[in-house]
Amino acid sequence: FLQADATRTEVTDRAAQTGDTVNIDYVGKVDGVEFEGGSAQGTELELGSGSFIGANGDYQGFEDQIVGHNKGEQFDITVQFPDTYTNTEMAGKVAVFTITLNGIYTVDVPKLTDKWVKENSVEATTVKEYKKEIKEKIVQSPAYPPHCRAPEFGSVLSIAVFPSSRLLYLSQFLLSHRFFYLSLQ
């Protein structure tokens, strides 16, 4: 919800930094051959998010190697897939990705405040009321497992706001080990 009100500003006067969002094209190769799922165009990536392959062995992480580059640059990075990678064919392999850095952006997401809630919620007027409203909507959602609506599971659904990431994190860890996240960035 907060993400919808975010402002995005293009960075033109410096290189990419951790925390920036970049738009990239990339082509991945192992032993000089492109591999399935290793290429994409126009991918949005927040540097430092840990969304892509992290540091492994002697190799820096995918995102770390984009830091320091400027818009318009094309460059190669080398990463190693972890031995425990879910695609066992790629596990432990070293890949070279040719990156084209299409753009660098800063994203300013509004903070979850009473003022924001008053301007954006139909029912709530405070952050506390808003959290309650969202929790109720999730619990009543058809996507929420019916067995989790029982009173004995009521305390399992937890809501916590992490100011540094501005994320409203709603989770349950039940027999099914399902997690629910609601981004309020």
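Structure shown above.
Basis of the calculations
Residues numbered from 1 in each chain as written. Predicted model: local features only at pLDDT ≥ 70, side-chain atom pairs only at ≥ 80, totals over all residues. Heavy atoms only, no water. Phe/Tyr/Trp six-rings, centres within 6.5 Å; stacked < 30°, edge-to-face > 60°. Helix = DSSP H or I, 4+ residues; strand = E, 2+ residues; numbered from the N terminus. Buried < 20%, exposed > 50% of the residue type's maximum accessible area, 1.4 Å probe, protein only. Salt bridge = Lys/Arg side-chain N within 4 Å of Asp/Glu carboxyl O. Contact = heavy atoms within 4.5 Å. Pairing = 2+ DSSP bridges. Expected span 1.5 Å × (residues − 1). Polar contact = N/O pair within 3.5 Å; in protein donor to acceptor, adjacent residues only side chain to side chain.

(A) View of the packing of aromatic side chains. Here the structure, examined in full by the defined rule, presents nine aromatic pairs. A centroid spacing of 4.7 Å and a plane angle of 40° characterise the contact between F52 and F62, whose relative ring orientation is tilted. In this pair, F52 sits in the loop between strand 3 (33-46) and strand 4 (74-80) while F62 sits in the loop between strand 3 and strand 4, placing the two residues 10 residues apart along the sequence. Assessed through its relative accessible area of 23%, F52 is described here as partly exposed. Overall, the relative accessible area of 1% leaves F62 in the buried class.

(B) Region of the structure containing the pattern of salt bridges. One pass over the full model with this rule turns up three salt bridges. For D20, the salt bridge identified is with R14, shortest N-O distance 2.7 Å. Owing to a relative accessible area of 4%, D20 belongs among the buried residues under this scheme. For R14, a relative accessible area of 25% corresponds to the partly exposed category.

(C) Here's a closer look at the side chain of D20. If you trace the backbone, D20 turns up in the loop between strand 1 (7-10) and strand 2 (21-30). Leave out the neighbours within four places in its chain, and D20 touches R14, A15, L45, E46, L47, I104, Y105 and T106.

(D) Structural view of the pairing of strand 5 (residues 94-108). Summarising the sheet, strand 1 and strand 5 pair through four bridges and their orientation is antiparallel. Bridging across to strand 5, T7 finds its partner in D108. Pairing analysis gives seven bridges linking strand 4 to strand 5, with the strands arranged antiparallel. The residue of strand 5 that forms the bridge with F75 is I99.

(E) Broad picture of unusual backbone geometry. Phi angles above zero are rare outside glycine, and D31 is one such case at about 55°. Looking at the element boundaries, D31 is found in the loop between strand 2 and strand 3.

(F) Geometry of the environment of G61. For G61, the location among the structural elements is in the loop between strand 3 and strand 4. The exposure class of G61 is buried, given its relative accessible area of 2%. Counting along the chain gives 19 residues from G61 to Q80, while the straight-line C-alpha distance between them is 8.3 Å. If sequence neighbours within four positions are ignored, G61 has contacts with I53, G54, A55 and V79.

(G) The arrangement of helix 2 (residues 127-140) in detail. When the terminal C-alpha atoms of helix 2 are compared, their 20 Å separation across 14 residues agrees well with the 20 Å that a helix rising 1.5 Å per residue should span. All of the buried residues in helix 2 are V127, Y130, E133, I134, I138 and V139.

(H) Region of interest: the side chain of N23. Within the fold, N23 resides in strand 2. The buried category is assigned to N23, whose relative accessible area is 13%. Among the polar contacts listed, one links the side chain of N23 to the backbone oxygen of G42, at a separation of 3.4 Å. Within the local environment of N23, its side chain forms a polar contact with the side chain of E44, the two groups lying 2.7 Å apart.

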